[in-house]
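Take a look at the letters that make up each chain.
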Amino acid sequence: MYKYKVGARRVRRCEKGVMRRARRIFGAMAATLLIAGCNRHQSALAPFGAEAEQVRHLTLVLVVGSVVILVALAGLWVAAVRAPEGRLSHKGGMRLVLVLGALVPTLVLFALLLYALPMMRPRPVSRADLRITVTGEQFWWRVAYQPAGTPPVTAANEVRIPVGRTVAFQLKASDVIHSFWIPGLAGKMDMIPGRTNELVVRADVPGRYRGACTEFCGLSHARMALDVVAMEPAAFDRWLALQRRPAAPAPARGQALFAENGCAGCHTVRGTGALGTIGPDLTHFGSRLRVAAGTLPMETEAIARFIRKPDDAKPGARMPAFPHLPPDDARQIATYLQGLQ
Amino acid sequence: MTADAQNDPAVRRAQEERLRAVWEAPKGWFFRWTDCNNNRVGNWYVLTAFAFMLFAGVLALIMRTQLAAPENDLVSASTFNQLFTLHGSMMMFLFAVPMFEAVSIILLPSLLGARDLPFPRLSAFGYWSFLIGGVFVAGSIFFNAAPDGGWFMYPPLTTRKDLSGLGADIWMLGLSFIEVSSVAAAVELIVGVLKCRPPGMRLNLMPLYAWYILVVAVMILFAFPPLIAGDVLFEMERLLDWPFFDAARGGDPLLWQHLFWIFGHPEVYIIFLPSIALFAMLVPTFARRHLLGYPWIVLAAVGTAFLSFGLWVHHMFATGLPKISLAFFSAASQAVVIPTGVQIFCFLATLWAGRVVWSTPLLYATGSLAIFVIGGLTGVMVAVVPFDWQAHDTYFVVAHLHYVLIGGTLLPLFAGLYYYWPLVTGKKLSDRLGRTAFWIMFVGANLTFFPMHFSGLMGMPRRVFTYPAELGIGGLNLASTAGAYLFAAGVALVVIDLALSPTRPKARRNPWEAGTLEWLTLPNSENWGTRSIPLIESRYPIWDQPGFVRNVDEGRYFLPDAEEGRRETIVTTVLDARPLQVVRLGTPSVKPMLTAVALGGVFILTTYHLYWLALLSGLATLALVLAWLWTGTAEIPEKPCKPIGHGLELPLYLSGPSSSGWWAMFITMMADATAFSGLVFGYYFYWTVHPAFPPSGAGLDGPGIAWPMVALGLTLASWAATVAAREVHARGRVALARMLLVAAPLASLGGLAAGLAGPWSTGLDPTLHVYPAIVWTLAIWTTAHNGIGAIMQVYTLARSLAGRMTPTHDADLRNITVFQHFLALTAIVTYLTIGWFPEVA
């Protein structure tokens, strides 16, 4: 029980308790961090692009500055509580408020703005640079590659970019607001119906990465991810040329089932009769890393299950369910789709 | 009554008997709920807000349990979305803001030595509105119908009928209703601070808590109305298909974001500043000295309020706005650190200069400042635009905002709870339980939210019902979940402490030995507030004014009696608190409660599209309000003046700018005008985003210039007639005034008809495009005010005919003139915008 009036010693003892407890808490936190594994493919702390690299540097500066300020403030507070009455005069107190409360923060923040705001300037884009239009849909991504001077190439749910080259994403939305975030590449940019936003980036380290929708967009917002592949420029050019070609499916029963069940009403498979544009383009479906916007592995069973009951994996998905489709037929369709390389 | 007479204990006892009888609370299982005294209503208000907080906390625990492990399926995506929407909405609208207002309703009269707030029945009305709206919104989750679009409700997700259900209407209409009650409480608190201070308490002697109430209430006044304007547009789109946020028909989802965040960011300071206010009361007490830098703190509070209205775009850094405006808002967002720093350093310097008495409230204050500072530092980080592009809408922001709100609202409220509990109940809470609870909560909060900084930067977006194991953030999330349960255990311990309170003995009076006025309260407090209303000469009168407590207790100051058996308090001047009037206060009545029920009916029935019943409910509301005003306001007293002691005699009736009623009208109209400017902002916002605005085509051309100008002329005629009526009435020419009051409503109704005739006659189709929709909205807003103005004019005429208004007692007429001033302004802006602007654009 705290006594109502306590001597200075009592206060000091109490503060020792504060410090001890504080040490314990921060120890526990550090341990938490160690337990946590670190992912390298969807993290602002593990950049693979120039923009994200710059922000990681900024983050470090901000964190160090914050820790210094926090520790200094805590020290001052403890000193203030411990100081005997009258240690600080009224005039001294007012000077303290003026200098530490107003002047120092003003200067620090001014310096911070001068340092950080120039980073907002996007890298310059020339007419020759690759443009990729990404349109947010509930709950997937419509992707169109637009290399200068050639017709666009349509794809979905996966973005491939060449390393070392400037790429300008044109970001749109068709239904509700989404946000386009590849943390390892750059900060996020919203996709807003009726508007087009631009995000200019440059990837530096080849590899497989992941992005996600960060604006709440409905039931399956959590299931709206994006596979990202940064490739060597030559490999990228080859890949894009392959994507430009129509599908060359091996004749299979799956293709017939695809047509019979009306899949073509929503999906395009270029080179076949399927010309629907409501759902994702499936022309080179089999070449993608994952299914259903980064949600399911590229495996026959997973695809078949998704065809029959998309709601199980993605609640609220626009794709109609086909629960009466025999599982084997679904597998046939899945196999056909996987064959679309 | 002279000071000498107070020497006689028998006289004092007789006075006390009379006061007790006058201020007695109503009894009976039903009538006890008709009470409107600030102590009773304030306690209901606090308990209700606290209960909503616990409820919203349980929702958070369910969410944390779901997120404890990757790919968990404890709750469905749909339930999860309802959980986080309701958690955020309830904590903001049903806990943080009402809690501040509730605490202020309890504290303000005792801080100001007043007997009650100026409009006790308005407090009761606000409370019942809050309860009804709160239960309506919170209860929806039990029917799986809770809003699920996030507390920010971004359209088009929430406006498209195929993507959202009843929950969106429940959010919009239920919370609009609560916003009305919040604005009502703000009006009450502003008038309380400005007009009900004790004699001598100049603005610069006011307790800091009162300063903060004033600042925060003014912020509510300007922050909530833009949201109300947004709500109007939102519901027009949902119920009538007017395309304000539908890009395909010229709307723009970003308009909602602007209106929401013009409210949403000041909101953060609306719930943070009252906590600083609590610190400003308890720090001097435990430092045993005056607060250092009083004028600095006041300036900093005003500065924070001012800046907070210029920061909203920092919630929209990722929406693709021009870089130059991002830079401006980034700088403004960081500038707000400076007044906050000044406030914190004033406390620090006070503790440094004083003799610190360590106590449980001070422990809470220290701990919450530590947490708040961490939240403030991450706040500076997210104010840096390039960093925000990474952190925005990730768990980093979840961590940031919870550090700010737990350190800036929740723990300070607990500090205030431990500090002020003896004031309200006469008993102290347990130091041991309180201290233990503090440490559990402190560790719990850090364990919950610190790891979120990392899970956010490591790729975890907000508002996800689950996350894949491959992100490697399972461990961080598990720690957060454990921390949440720990935090809940701490809150539970506080609840236990509160529950044990009735078993504890009464503490002595002023147990912390504070110096401010509210600690005059006795452990067995009476409903009447202070025994006599004191003369204030210092910021800490109990410390500084010799014999202060005895003089108050023995009724040696003002108004120690209730001879006429009426509830009374003193009204003073705004700046230097010279006594102006003894005002008669509202007594317990069932009307505020019934009005709240009827008004709640309007909102709730509209939610279920029962428009006829909603209209009936609206008419009932109108009838109740008129009955309430007719019987309870601007009463002509039985004598012009009464003595209040020390040879002072004050009038019992005032009208115009020196009266509290005029100020309430003026302040309410400021809020009304702010909501209107939200709509006007909408018009010009669309003009800026469209190359051709107004567009041309069938159903899009209108409303022409003729009808709007006729409407403007008639509205101005109605205004002129009202002003003239006020002037001739004051000169005793009652008959002429009555004739003018017959002409004025006719002109006003003519203005109503002409205002609607413009868009009607030109066939503007509001479902076709956003242009006709916004024109119709402005016309309807203005003409609705014409209608209300006409009702007021007829009411005033009736008051005059019934002998309830005379040339010397003309508060009604003066108050409706204020309304007419604002209506005239509204009409000028509306009709120039919709009628004249298309001609010149």
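Quantities reported herein were computed from a predicted structural model and do not represent experimental measurements. (Residues numbered from 1 in each chain as written. Chains lettered and ligands numbered in written order. Predicted model: local features only at pLDDT ≥ 70, side-chain atom pairs only at ≥ 80, totals over all residues.)

Student: Explain the packing of helix 2 (residues 38-66) of chain B against helix 4 (residues 120-139) of chain B to me, please; I cannot follow it from the model alone.
Tutor: The description of two helices packed together rests on the angle between their axes and the distance between the axes. Residues and elements named next belong to chain B. Their axes nearest at 10 Å, the elements helix 2 and helix 4 cross at an angle of 20°. The pairing of helix 2 with helix 4 is recorded here as roughly parallel in orientation. Where helix 2 crosses over helix 4, the handedness of that crossing is left-handed. Between helix 2 and helix 4, the contacting residues are Asn38, Val41, Trp44, Tyr45, Thr48, Phe52 and Phe55 on the first element and Pro120, Ser123, Ala124, Tyr127, Phe130, Leu131, Gly134 and Ala138 on the second. (Axes fitted to C-alpha atoms, helices over the stretch in contact; angles between N-to-C directions. Helix = DSSP H or I, 4+ residues; strand = E, 2+ residues; numbered from the N terminus. Parallel < 35°, antiparallel > 145°, perpendicular 65-115°, else oblique. Left-handed = near helix turned anticlockwise from the far one by under 90°. Contact = placed C-beta atoms within 7 Å.)

Student: Got a minute to help me understand the sheet that holds strand 4 (residues 158-162) of chain A in this structure?
Tutor: Backbone hydrogen bonds are what pair the strands of a sheet, in a parallel or an antiparallel way. Residues and elements named next belong to chain A. Spatial strand order, 4-10-9-6-7: 5 strands in an open sheet with mixed pairing. Each edge of the sheet is formed by a strand with only one pairing partner; in this case those strands are strand 4 and strand 7 (189-191). Neighbour-to-neighbour, the strand axes of the sheet open up by a mean angle of 25°, direction not taken into account. Bridging between strand 6 (residues 178-181) and strand 7 involves 3 bridges; their strand directions are antiparallel. The residue bridging Ser179 from the neighbouring strand is Asp190, located in strand 7. (Pairing = 2+ DSSP bridges.)

Student: I tried to follow the UniProt feature "domain: Cytochrome oxidase subunit I profile" (unreviewed entry) in chain B on my own but got confused; where do I start?
Tutor: The positions that UniProt labels "domain: Cytochrome oxidase subunit I profile" (unreviewed entry) are, in the present scheme, residues 17-537 of chain B. Helix and strand shares over residues 17-537 of chain B are 67% and 0% respectively, and the end C-alpha atoms of the span are 29 Å apart. (UniProt positions renumbered as here; feature names shortened; annotations may be inferred.)

Student: What should I look at first to understand unusual backbone geometry in this one?
Tutor: For residues other than glycine, phi is negative in most cases, and the peptide bonds are mostly trans. Residue and element names in this part refer to chain B. In this chain, Phe693 is followed by Pro694 through a cis amide linkage whose omega measures 5°. The residue Pro694 is located in the loop between helix 20 (660-689) and helix 21 (706-730) in this model. Note the cis peptide between Gly702 and Pro703, where omega equals -5°. Checked against the element boundaries, Pro703 lands in the loop between helix 20 and helix 21. Its identity as a non-glycine residue notwithstanding, His646 has a phi of 55°, on the positive side.

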